[in-house]
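# Examination of the molecular architecture
Below are the chains, spelled out letter by letter.
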Amino acid sequence: MDSFDAIHAGLARVRRRLVGQAAAAGALIAGAVAALAGVVAPLAASAVGAARAPSVAGAAVGAAVAAAAAAAVRYAAARRRWRSDEAVARYLGGSDLLSAVQLERASRAAFSRELIDALADQTARQLAGVDVAAAVPARRLRAPAAIASAAAAVVVAASAAAPGSIAHGWRLALAAGDDAIPGAQTSAAPVVGDIEIHLEYPGYTGRPAVTLPSASGDFRAMPGTKVSLRARPLAPARAAKLLFERDGGGDRDPLVLQPAGDAFAATWTVRAPARYRFYVERIDGPPAVDAEAHAIEIEPDEPPAIELYAPADELDVEGKKRVELAWTAEDDYGLRTIDLVWTGDDDAEAGRARLWTADDPRRTSQGRYLWDLAEVDLRPGTRVAYHLEAADNDDVSGPNVAKSKTFYLRVFSKRERHEQLVDRQAELFEKLVAQLGGRLVVAPADVDAHRALHAGAQTIAGDVGAIVAALADDDRAGDDLRAALGAMHARLRALVSTEAKLLDAGAPAPAQLARGDANWVQECERDVLLMADWIDRQRLENVLALTDEIADRRKRIAALFEQYERTGDPDTLAEIERELRALERDLAALSRKQTSLGEDVLDRYVNAEALADDEGEHCLAEVRRLLAAGDAAAAQRQMAKCNALFDDAQQQLEQALSTLRGDKFTEQQRQLDELMSELADLAQDQKDTARRADDLMQRYSEATSELLEDKAKEVRAEADRLIQKLRRRIDRVPKAGLTPFSKEELPIAKQRLDDVAKMLRDGDLAEALAMARQALNGLETVEAELGADLDSGEPWSDRTGDAYNQVARAVPLARKLVELLDAATPSPQQIMSPADRDALRQLRRRQRAIRRRTERLRDRARKIAGELPGSAGQAMADGLGEAVGHMEGAEQRMRAGDPPGARQRARDAADALERARQSARDAARQRQAGGRGLRDEPVRIPGADEYRAPEAFREEILEAMKKDKPPGFAEQIRRYYEELIK
């Protein structure tokens, strides 16, 4: 290729790019116009109606054709403009290029051929180096591309916002253009008149049917509404039908109207928004169809509104507590269900509980729920999100579901935190062993090795200090452990400081380093043994702490079984099943916890059978099977057997801990054993005193029965009458209105009434009086509980007021029963024999002697509390102090010659001593007091006025109050409505 051919080829490349850009710009603008026409035209056709739809479609097509033509003209103009090499050369600029192009034609003239060829060679080389993309930049396409992008955005937005209208508009335009109704005339005037529309709304709405007389034909209806339409043709007609154009896509088949006198009628069910036109076959003339369509708009069934109230937006809960939740919800037609939904860290649904359901849906709902976290399988520290979901009663389109605000909670476990601290101590133990090994083998002259060991020693001292600081906030760590590690920290810091001065002074002598190593070896040996003992003890205590939690849960299950036996409440049965599931999870955790115990601890101190859980698992599985079979009584007996197995295993673990402390913490355990032995003697002596008081009471009851044999019959008749009235009153108390505490307490009070009747039948007036007093105390307690619940402003349920009224009416009857029996019972001095009065005086002296011994033991326990394991000394002192109070009460009742009071206080003292023994034993290993009993307070919502009935509900109540009232009840109804809307 010669130089001129190369110049032609280079200019051709530039020409193609120039022409291509012109063609692309025209295509982008034409495409933008066509795309806009594709959405604007159907929207306009839908708005103007079928009569003018063709013209709108024609305008859209014309605009698209015009844009395409403009693009073609632009392309042709570009080809003409850039067809010559001179025009392209002028665009690129440069005199040499233009001269070379022009001189090629003059090369046959008299010019020097050598000079022209030289210019062509130079120009070809320069042109070969030209970047065509840079010479013809793409910025020339920016404006057309921006126009096309904007048009595309408009098309996407319109398609997403109104797909039905776009489809409907195209159908109008195409149908008109295709003459979809052959032979029919499109009439700008109405073809029918006197349109009457009758709407029957879906049954679930409860709305009455409505008739729209003289309607325009447009109407709004809910999905599922039955429409009955009647219209009179404005000209004689033989037939008529409705032509539907549905917004949602896909035309409905025409609906034939049936003759109805001088009109036509039809019935159909609305499912989606649509448009329709009347088509009438005239007797005189061609068929006619409405030019304008009539609109059917959908009236949506809005989702419910629901609000959730919880104790806090972010709640930390210690242990598997019960959390109080409350809600208010409303719906335009009716609520069906309210569910509690919770999710875990992965945001996946972890559980769901049905809080409320209505067979007969209501527009509003408000209530409270105690969420038992035992049914939530959580690891401590896991963050749980929870919310409520309310579903309405829409049975046409499916229930609409609304979600409440989301709340969060974390389950916090002191036991788990303490176990983490024990793990940190185990890591410290390993570092101490490594430090000891390094000090034993290091060469005295190796300064670098000593610097490395010193750095490790600094880390150890820092770790001990951090653990000591953490133990200060750990309720499960005893003062003796804090003291031991605190002393270790002080010794380590002193050794680190001494060695730091030695190493910082320069090159220490090997003898100095050797003396320091000897001190470190001695300290590390001491600390390694100390840490090993404490880690073993704490890990065994941690296993026992988990068994404590299991024991608390077992007690709760046993109490629930007793409650179910009394009440037969299905809610109690469901709670038993939840607790059993939680117990099985706890047992699985206990099985995993066994691995934390070292082999030497298991071999020396723990009976392997104490940790065997297979038998317990099989036992619980049998309980679950019996419950599933509906035999709650057999399940209760089986649970008692399971508890015996678990109690035996726990006792063996307790004995293992006591033996371990005796071996490794000898002086501590010796002093505790001495106190516990003396306490056991006191407990036995007090039990004997209570037994003697019981014997006196038995003789006192027999003497009372003999003395009042005839009078007891008269008293029994009156008492039976009062007892029957009390039973009927208690039976009228609505269970739904009782709080959890009163739901437990009321059956106990009723049982005491049964005991009164039994004692009276046996002629034991004194015992009957004691039982009657207990029944009265129980009823007064329930009355106070319900009254406090009502005073809080957020009663447990809407039946709590009824429950309070019934209990309040029962209390005077119980008080009258006590007064009857008390008046019929003579004083003890009239009944007791001289021998029994003398025995009571001797018993008082014995009780005084036991009290003094108890006071001395209490003072001693306080004095040496710091020398005992855990907080055993203080716990024992507190328990003994309680027992002293009961003993003083027993002495007073004995001095007053009151056998019933003396027996009860002596029993209370014996029970207090037993609790003191248990508390001291538990505190020796920092066991946390208090299980999850039936009466445990849940985590409550703060404030008394956190939630109220929805405003719309109050308005409905006020509106209902204005209506006619039954004669004679106006005042009662007024007060009732005022209570509802408070």
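What you are looking at is a predicted structure, and each value in this text was computed from that prediction instead of being measured.

### As for the overall build of the protein chain
Helix and strand counts for the protein chain come out as 28 helices and 18 strands. The buried share among the 982 residues of the protein chain stands at 45%. Partitioning the intrachain contacts of the protein chain with sequence separation of at least 6 by distance along the chain shows that 77% fall at a separation of at least 24. A total accessible area of about 47700 Å² is found for the protein chain, and carbon and sulfur atoms account for 51% of it.

### What to know about the packing of aromatic side chains
Inspection of the entire model under this criterion finds eight aromatic pairs. For the ring pair tyrosine 204 and tyrosine 333, a centre distance of 6.3 Å and an interplane angle of 85° mean the geometry is edge-to-face. Taken together, the residues tyrosine 204 in the loop between strand 2 (192-200) and strand 3 (210-212) and tyrosine 333 in strand 14 (residues 322-343) connect sequence positions 129 residues apart. Take tyrosine 333: its relative accessible area is 13%, and that puts it in the buried class. Pairing phenylalanine 244 with tyrosine 276 gives two aromatic rings, centres 6.1 Å apart and planes at 45°, and the pair type is tilted. Note that phenylalanine 244 is positioned in strand 6 (residues 237-246) and tyrosine 276 in strand 9 (residues 274-282), a separation of 32 residues in sequence. Each member of the pair phenylalanine 244 and tyrosine 276 is classed as buried. Ring pairs connect the aromatic residues Phe244, Trp268, Tyr276 and Phe278, which therefore count as one cluster. Looking at arginine 207, its charged tip hangs above the ring of tyrosine 201, at a distance of 3.8 Å from the centre. Above the ring of tyrosine 279, the side-chain terminus of lysine 241 is found at 4.9 Å from the ring centroid.

### Section: a positive patch on the surface
A surface patch of positive charge is lined by Lys725, Arg728, Arg732, Arg809 and Lys816. Of all the elements in the fold, those that place two or more residues in the positive patch are helix 19 (709-731) and helix 22 (800-824). Assignment of secondary structure puts arginine 728 in helix 19.

### Overview of the pattern of salt bridges
This model, assessed by the stated rule, comprises 48 salt bridges. Residue glutamate 324 pairs with arginine 368 through a salt bridge whose shortest N-O separation is 2.7 Å. Of this pair, glutamate 324 sits in strand 14 while arginine 368 sits in strand 15 (residues 349-372), and the two are 44 residues apart along the sequence. Of the two residues examined, glutamate 324 and arginine 368, each falls in the buried class. A salt bridge links lysine 750 to aspartate 731; its shortest N-O distance comes to 2.6 Å.

### A word on the state of the cysteines
Tallied over the full model, the rule gives one disulfide. Through a disulfide, cysteine 619 is tied to cysteine 642; the S-S separation comes to 1.9 Å. On the sign convention where negative is left-handed, the bridge of cysteine 619 and cysteine 642, at about -100° about the S-S bond, is left-handed. Pair noted here: cysteine 619 is in helix 16 (residues 614-628) and cysteine 642 is in helix 17 (residues 632-664), with a separation of 23 residues, a long-range link.

### Description of the nonpolar core
Taken as a class, soluble globular proteins show a tendency for nonpolar side chains to be buried jointly. One finds Leu726, Val756, Leu779, Leu817 and Leu821 to be the most contacted residues of the largest nonpolar core, which totals 35 residues. In this structure valine 756 touches Ile723, Ala768, Met771, Ala772, Leu817 and Leu821, once residues within four positions along its chain are discounted. Among the nonpolar cores identified, the runner-up in size contains 30 residues, and Ile197, Tyr204, Ala215 and Ile296 belong to it.

### Considerations on unusual backbone geometry
At aspartate 194, a residue that is not glycine, the phi angle is positive and equals roughly 50°. Examined against the element boundaries, aspartate 194 turns out to sit in strand 2.

### Considerations on the packing of helix 21 (residues 765-791) against helix 22
In the contact formed by helix 21 and helix 22, the axes pass within 8 Å of each other and the chain directions differ by 155°. Looking at the two axes, helix 21 sits roughly antiparallel to helix 22. The way helix 21 lies across helix 22 gives a crossing that is left-handed. Per-class residue counts for the contact of helix 21 with helix 22 are 20 nonpolar, three polar and six charged.

### Quick notes on the packing of helix 10 (residues 447-471) against helix 11 (residues 479-504)
Following both chains from N to C, one finds helix 10 and helix 11 inclined at 150°, their axes separated by 9 Å at the closest point. In this view, helix 10 runs roughly antiparallel relative to helix 11, as classed from their interaxial angle. Regarding helix 10 and helix 11, the two cross each other, and that crossing is left-handed. Taken together, the residues that form the contact of helix 10 with helix 11 break down as 15 nonpolar, six polar and three charged.

### A closer look at the side chain of threonine 800
Looking at the secondary structure, you find threonine 800 in helix 22. When neighbours within four sequence positions are excluded, threonine 800 is seen to be in contact with Gly737, Leu786, Asp789, Leu790 and Pro795.

### Structural notes on the environment of alanine 703
Position of alanine 703 relative to the elements: it lies in helix 18 (residues 666-707). Residue class for alanine 703 comes out partly exposed when judged on its relative accessible area of 24%.

### Notes on the confidence of the model for the protein chain
Confidence along the protein chain averages 78 in pLDDT terms, with 80% of residues attaining 70 or more. Counting contacts from residues 176-180, a segment whose pLDDT is below 50, to residues more than four positions away or on other chains yields three contacts.

### Overview of the pairing of strand 13 (residues 314-318)
In strand 13, alternate side chains face the same way, and those of Leu315 and Val317 are buried while those of Glu314, Asp316 and Glu318 on the opposite face are not. Relative to strand 18 (residues 407-412), strand 13 runs parallel, the two sharing five bridges. Residue pairing for strand 18: aspartate 316 is matched across the bridge by arginine 410.

### A closer look at helix 24 (residues 834-863)
Given a rise of 1.5 Å per residue, 30 residues ought to cover 44 Å, and the 44 Å separating the end C-alpha atoms of helix 24 matches this to within 8%. Taken together, the buried positions of helix 24 are Asp836, Leu840, Leu843, Arg844, Gln847, Ile850, Arg851, Thr854, Leu857, Arg858 and Ala861.

Calculation rules
Residues numbered from 1 in each chain as written. Predicted model: local features only at pLDDT ≥ 70, side-chain atom pairs only at ≥ 80, totals over all residues. Heavy atoms only, no water. Helix = DSSP H or I, 4+ residues; strand = E, 2+ residues; numbered from the N terminus. Buried < 20%, exposed > 50% of the residue type's maximum accessible area, 1.4 Å probe, protein only. Contact = heavy atoms within 4.5 Å. Areas by Shrake-Rupley, 256 points an atom, 1.4 Å probe, with all protein chains shown as cover. Phe/Tyr/Trp six-rings, centres within 6.5 Å; stacked < 30°, edge-to-face > 60°. Lys NZ or Arg CZ within 6 Å of the ring centre and 35° of its normal. Patch = residues over 30% accessible without salt bridge, like charges linked within 9 Å, V, L, I, M, F, W, Y side chains within 5 Å. Salt bridge = Lys/Arg side-chain N within 4 Å of Asp/Glu carboxyl O. Lys, Arg positive; Asp, Glu negative; His and termini not counted. Charge placed at Lys NZ, Arg CZ, Asp CG, Glu CD. Disulfide = S-S within 2.5 Å. Core = buried A, V, L, I, M, F, W, Y, C linked by side-chain atoms within 4.5 Å. Axes fitted to C-alpha atoms, helices over the stretch in contact; angles between N-to-C directions. Parallel < 35°, antiparallel > 145°, perpendicular 65-115°, else oblique. Left-handed = near helix turned anticlockwise from the far one by under 90°. Nonpolar A, V, L, I, M, F, W, Y, C, P; charged D, E, K, R; others polar. pLDDT = per-residue confidence, 0-100. Pairing = 2+ DSSP bridges. Expected span 1.5 Å × (residues − 1).

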